[in-house]
Amino acid sequence: MANWILILLGIGAVLIGIGLLAVAGFLFLKLGGAGKLIASAQKTTDQLPEQVEGITSQITDVLKTGNKTLQQVNQQIKELSPLFYLVGDAGRATHNMTSSVLKTANQLQEKTEEADLIIANKNLQGIYGLATIGYFLVKLNKK
């Protein structure tokens, strides 16, 4: 009876070994595909430093060009600043002159309106008209 038990134990061990061998083969096949995937990922990651360096150099070139352009614009604005100040000063001077002329014109209009009221109140329109005609006739005779 002990022989039968040993034979059964041997057969069980062989079956367990065959099962483990089948599991190992299955895992070998599946993990072999994972190895290919890892190798592909390795190729991709090997290229990353070169690509990052290329992108970095391009960005650096773009930033340098942008800085040069900005410096040129700033220089041109510095060169034009006196012209802008001159235009601003001319604008302020023109504003002051036109406001003085407008003030004088308003004062003359007020005086003229006052004179018109005085002439209308005292019925001097006819005399004023004759004086105007006389003035123009004298002026014409002098020519």
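The coordinates are above.
Figured I'd write up the structure that's included with this text. Only a predicted model underlies this, so the values are computations on that prediction, with no experimental measurement involved.

**Details of the overall build of the protein chain**
And step 1. Helices and strands together make up the secondary structure of the protein chain, namely two helices and zero strands.
And step 2. Counting over 143 residues, the protein chain shows a buried share of 1%.
And step 3. Put simply, the protein chain shows about 13,100 Å² of open surface, and 69% of that area lies on carbon and sulfur atoms.

**As for the pattern of salt bridges**
And step 1. Enumeration according to the criterion identifies one salt bridge in this entry.
And step 2. Note that Arg 92 is salt-bridged to Asp 89, the shortest N-O span being 2.4 Å. On the criterion of helical spacing, the pair formed by Arg 92 and Asp 89 is a turn pair, its members being three residues apart in helix α1 (residues 2-121).

**Notes on a nonpolar patch on the surface**
And step 1. A surface patch of nonpolar side chains, about 770 Å² in accessible area, is lined by Trp 4, Ile 7, Leu 8, Ile 11, Val 14, Leu 15 and Ile 18.
And step 2. Here Val 14 lies in helix α1.

**A look at the packing of aromatic side chains**
And step 1. In this structure the tally under the stated criterion is one aromatic pair.
And step 2. Here the aromatic rings of Tyr 135 and Phe 136 are separated by 5.7 Å at their centres, their planes lie at 65 degrees, and the arrangement is edge-to-face.
And step 3. With a relative accessible area of 49%, Phe 136 lands in the partly exposed category.

Quick notes on the rules
Residues numbered from 1 in each chain as written. Predicted model: local features only at pLDDT ≥ 70, side-chain atom pairs only at ≥ 80, totals over all residues. Heavy atoms only, no water. Helix = DSSP H or I, 4+ residues; strand = E, 2+ residues; numbered from the N terminus. Buried < 20%, exposed > 50% of the residue type's maximum accessible area, 1.4 Å probe, protein only. Areas by Shrake-Rupley, 256 points an atom, 1.4 Å probe, with all protein chains shown as cover. Salt bridge = Lys/Arg side-chain N within 4 Å of Asp/Glu carboxyl O. Patch = residues over 30% accessible without salt bridge, like charges linked within 9 Å, V, L, I, M, F, W, Y side chains within 5 Å. Phe/Tyr/Trp six-rings, centres within 6.5 Å; stacked < 30°, edge-to-face > 60°.

Just geometry here; none of it tells us what the structure is for.
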